[in-house]
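Descriptive structure summary
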Amino acid sequence: MLIGLDLDNTLIGYDEAFRTVAAESGLVAAGFAGGKAAIRAAIRARPDGEADWQRLQGQVYGPRIDLARPLPGSIDFILAARAAGHALAIISHKTRTGHSDTSGTDLRLAALGWLDRHGYFSRLGFAPVDIHFEDDRAAKLARIRALAPDLFVDDLAEVLDDPGFPAATRAVLLDDWAAVAERVLG
Ligand SMILES: [Mg+2]
């Protein structure tokens, strides 16, 4: 099989990075327990919260991406897929820039650096040509249609339910990687 994978919040988990940088910036209390969605809600409820949220995202997806972690079970899924002989590709609509306060960081290069540090180009068997960055969701869907993977895993139902999602590709909504491995790799 060819297995297509989304990147942000599918392979890269940002909850810890958001917590750390938001607390450092005084946007949430130290020890705030929520993940990205709770942090976004808390910051947006503040005066000028939307601007602070945009700046925080710029930091977390850019210069502070080192704080992001592989989603639990994602590395094991990739290793199991490789062991079974499947091919893998990553398709993301991560823009090169797009949040305020990225400190000039190229968000795609930041993500590639993260993938490299987590072994994607060494022990996980990816080549740079297996990583596809597109500018928006429509372009991402066009890339999925062009590559025509047997299945595609994404954390967003909006991608999988889009009319542009190819009918011949099995749509897999990420809930938990161990459960996905069970369903698609047996
Ligand atoms: Mg995603």
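Quick caveat, the model's predicted, so the values are computed rather than measured. In this numbering scheme, every chain counts its residues from 1 along its sequence in written order. Per-residue local features of the predicted model are confined to residues with pLDDT of at least 70, and side-chain atom pairs are confined, for both listing and counting, to 80 or more; whole-chain, interface and lining totals are unaffected and use all residues. With hydrogens and water stripped out, all remaining heavy atoms of the structure feed into the side-chain values.

For Na, K and Ca the donor cut-off is 3.2 Å; for every other metal, N, O and S atoms count as donors within 2.8 Å. Water does not enter the count, which can leave sites looking incomplete. Coordination of the magnesium ion by the protein is provided by Asp-6 (OD), Asp-8 (O) and Asp-155 (OD), with metal-donor distances spanning 2.1 to 2.2 Å. All donors of the magnesium ion belong to a single chain; written as a sequence motif, their spacing is D-x1-D-x146-D. Each residue's exposure class comes from its accessible area (1.4 Å probe, protein chains only) as a fraction of the maximum for that residue type: buried when under 20%, exposed when over 50%, partly exposed otherwise. On the basis of relative accessible area, Asp-6 is assigned to the buried category, the value being 4%. Note on Asp-8: relative accessible area 17%, which makes it buried.

The five strands lie next to each other as E5-E4-E1-E6-E7, forming an open sheet whose pairing is parallel. The strands lining the two open edges of the sheet, one partner per strand, are strand E5 (131-133) and strand E7 (170-173). Put simply, the sheet's adjacent strands are angled 20 degrees from each other on average, direction ignored. Strand pairing requires that DSSP identify at least two bridges connecting the strands. Runs of H or I in DSSP of at least four residues are treated as helices and runs of E of at least two as strands, each being numbered from the N terminus. Relative to E7, strand E6 (residues 151-154) runs parallel, the two being bridged by four bridges. Paired with Leu-151 across the strands is Arg-170, a residue of E7. Relative to strand E4 (residues 87-92), helix H4 (residues 74-83) is tilted by about 140 degrees, and along the sheet it contacts strand E1 (2-5) and E4. By the convention used here, residues are in contact when the closest approach between their heavy atoms is within 4.5 Å. Think of each axis as a best-fit line through the C-alpha atoms, taken over the contacting stretch in the case of a helix, with angles from 0 to 180 degrees between the N-to-C directions. On the sheet, helix H8 (residues 177-185) packs against E1, E6 and E7 and is oriented at approximately 160 degrees with respect to E7.

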